[in-house]
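Structure at a glance
These are the residues of each chain, in order.
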Amino acid sequence: MSFVDDMLAMVREQLRLGAGETITYYPYQGTPRVIPAVVDRQAPEPEFVGGGEVPAQRYRVFVAQSATDGLTDPNEGFDTLDIKVQPGDLQPATFRLTRVLTREAGAFSLEVVR
């Protein structure tokens, strides 16, 4: 198995056990919904946007590939997700889905940017 396969298998197991956290997914066209996810806040170093003035927060989010408790067709560049910047935060922040990194083995790995 590759690293990605191992990671997706671990994410599926965590989601099955109720680990992780809930996020709100806002499809470009459709109804928002709350879904379970595993959020990797140790994503690669931030890139600077807006003329180098503001660092972008970039996270990796793992969700099930499921019509009932995950996603079926994420829309890069248009869908948004409300995610807590830190797990203990009271209010989430809005992140834009920039890339679907992997779409395998019953789970999605998504790159999101704030």
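Pairing is antiparallel in the closed barrel, where six strands are placed in the order E1-E2-E5-E8-E7-E6. For this sheet, the mean angle separating the axes of adjacent strands, direction not counted, is 45°. Here three bridges tie strand E1 (residues 21–26) to strand E6 (residues 80–83), and the two strands are oriented antiparallel to one another. Following the sheet pairing, threonine 24 is matched in E6 by aspartate 82.

Once that is clear, we can look at the confidence of the model for the chain. In the predicted model, the chain carries a mean pLDDT of 84, and 77% of its residues have values of at least 70. Of all secondary-structure elements in the chain, the lowest mean pLDDT belongs to strand E3 (residues 48–49), at 60, while E6 reaches the highest, 98.

Right, let's get into the packing of aromatic side chains. Tallied over the full model, the rule gives two aromatic pairs. Ring geometry for tyrosine 28 and phenylalanine 78: centres 4.8 Å apart, planes at 55°, overall tilted. Here the residue tyrosine 28 occupies a position in the loop between E1 and strand E2 (33–40), and phenylalanine 78 occupies one in the loop between strand E5 (58–64) and E6, the gap between them amounting to 50 residues. A relative accessible area of 43% places phenylalanine 78 in the partly exposed class.

Calculation notes
- Residues numbered from 1 in each chain as written.
- Predicted model: local features only at pLDDT ≥ 70, side-chain atom pairs only at ≥ 80, totals over all residues.
- Heavy atoms only, no water.
- Pairing = 2+ DSSP bridges.
- Helix = DSSP H or I, 4+ residues; strand = E, 2+ residues; numbered from the N terminus.
- Axes fitted to C-alpha atoms, helices over the stretch in contact; angles between N-to-C directions.
- pLDDT = per-residue confidence, 0-100.
- Phe/Tyr/Trp six-rings, centres within 6.5 Å; stacked < 30°, edge-to-face > 60°.
- Buried < 20%, exposed > 50% of the residue type's maximum accessible area, 1.4 Å probe, protein only.

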